[in-house]
Amino acid sequence: RSSLPRPRLELYKELCPPADFPDDFANANKAFTIEQLSPRNFNVSNCRLTIETRPGDCRLYFSLDGQPIATYSAMLHYIGPNGKPRWEEARHLRNATIQADNQRVVISLLASNNDFTYEIEYRIILPPNTPWMLWEFQAVTNLSGSPINCQGLFLRSHPNFDNKSDICEDTIYQSVPN
């Protein structure tokens, strides 16, 4: 059973930013706490859900009511040059911009893989005082000059249990078995 208040498509259409959406977060709803610490680092909260980045780390850290719940990152599924499926996590957060009004905060992100052969653009839409957010992939840009047979885009989740990640920090960026 879904905890969302309305059907997902209806909710998405309502929360998608309009064409005249502000370029900054100066007029954000007081329910939001927004800190843009650098072009790549931020801390955003809607009073329930907090999303933050950390210097030198592409993962997004999520907390619910002050308790860490998971880290997320974008992942590309594609067919490699050898014809076999590959899963590759975006490991470099290149840019993060934040916009807001009274209805939502929109965090737009640009990330790339280790070799900078592709970029993934995605955004998070966070309504006020909810335990959930919307995540939307916008585009994949091939920077390599060779074809990428994209099969899909995914979130890689590392849930927290007892305030600890389910995997050791040393292995956080181990490749998915390919």
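Now for a description of the structure that goes with this document. Counting of residues starts from 1 at the beginning of each chain's written sequence and follows it residue by residue. Whole-chain, interface and lining totals are the exception, using all residues; otherwise, since this is a predicted model, local features are given only for residues with pLDDT of at least 70 and side-chain atom pairs are given and counted only at 80 or more. Hydrogens are left out, water is left out, and the side-chain values use all remaining heavy atoms of the structure.

### A short note on the overall build of the protein
- When helices and strands are tallied, the protein shows 1 helix and 12 strands.
- Helix numbers and strand numbers start at the N terminus; a helix is a DSSP run of H or I with at least 4 residues, a strand a run of E with at least 2. Put simply, the protein runs from its N terminus to its C terminus through helices and strands in the order α-β-β-β-β-β-β-β-β-β-β-β-β.
- Each residue is placed in one exposure class: buried if its accessible area under a 1.4 Å probe, protein chains only, is under 20% of its type's maximum, exposed if it is over 50%, and partly exposed if it falls in between. Here the protein holds 178 residues, and 41% of them are scored as buried.
- Note on contacts: a residue pair is in contact if any heavy atoms of the two residues lie within 4.5 Å. When contacts within the protein are restricted to residue pairs at least 6 apart in sequence, long-range pairs at least 24 apart make up 51% of them.

### A word on the environment of Ile 51
- Secondary-structure assignment places Ile 51 in strand E3 (residues 49-54).
- The buried category is assigned to Ile 51, whose relative accessible area is 0%.
- Separated by 11 residues in the primary sequence, Ile 51 and Phe 62 have C-alpha atoms spaced 4.8 Å apart.
- Contacts of Ile 51, omitting those with residues within four sequence positions, involve Phe 42, Asn 43, Val 44, Leu 60, Tyr 61, Phe 62, Ile 107, Ile 124 and Leu 126.

### Some remarks on the packing of aromatic side chains
- Pairing of aromatic side chains requires ring centres within 6.5 Å, counting the rings of Phe and Tyr and the six-membered ring of Trp. Pairs whose planes differ by under 30 degrees are stacked, by over 60 edge-to-face, and all others tilted. This structure, assessed with the given rule, holds 6 aromatic pairs.
- On the numbers, 5.0 Å between centres and 50° between planes, the contact of Trp 87 with Phe 154 is tilted. Here the residue Trp 87 occupies a position in strand E6 (residues 85-89), and Phe 154 occupies one in strand E11 (residues 149-161), the gap between them amounting to 67 residues.
- Taken together, Phe 62, Tyr 72, Tyr 122, Trp 135 and Phe 137 form an aromatic cluster joined through their ring pairs.

### Observations concerning the sheet that holds strand E8 (residues 105-112)
- Strand pairing requires that DSSP identify at least two bridges connecting the strands. Read from one edge to the other, the open sheet built from 4 strands follows the order E7-E8-E9-E10, with strand pairing classed as antiparallel. The open sheet is flanked by strand E7 (92-100) and strand E10 (134-142), the only strands paired with a single partner. Each adjacent strand pair in this sheet contributes to an overall mean axis angle of 15°, direction not counted.
- Relative to E8, E7 runs antiparallel, the two being bridged by 8 bridges. Helix axes are fitted only over the stretch in contact, all axes being lines through C-alpha atoms; the angle between N-to-C directions runs from 0 to 180 degrees.

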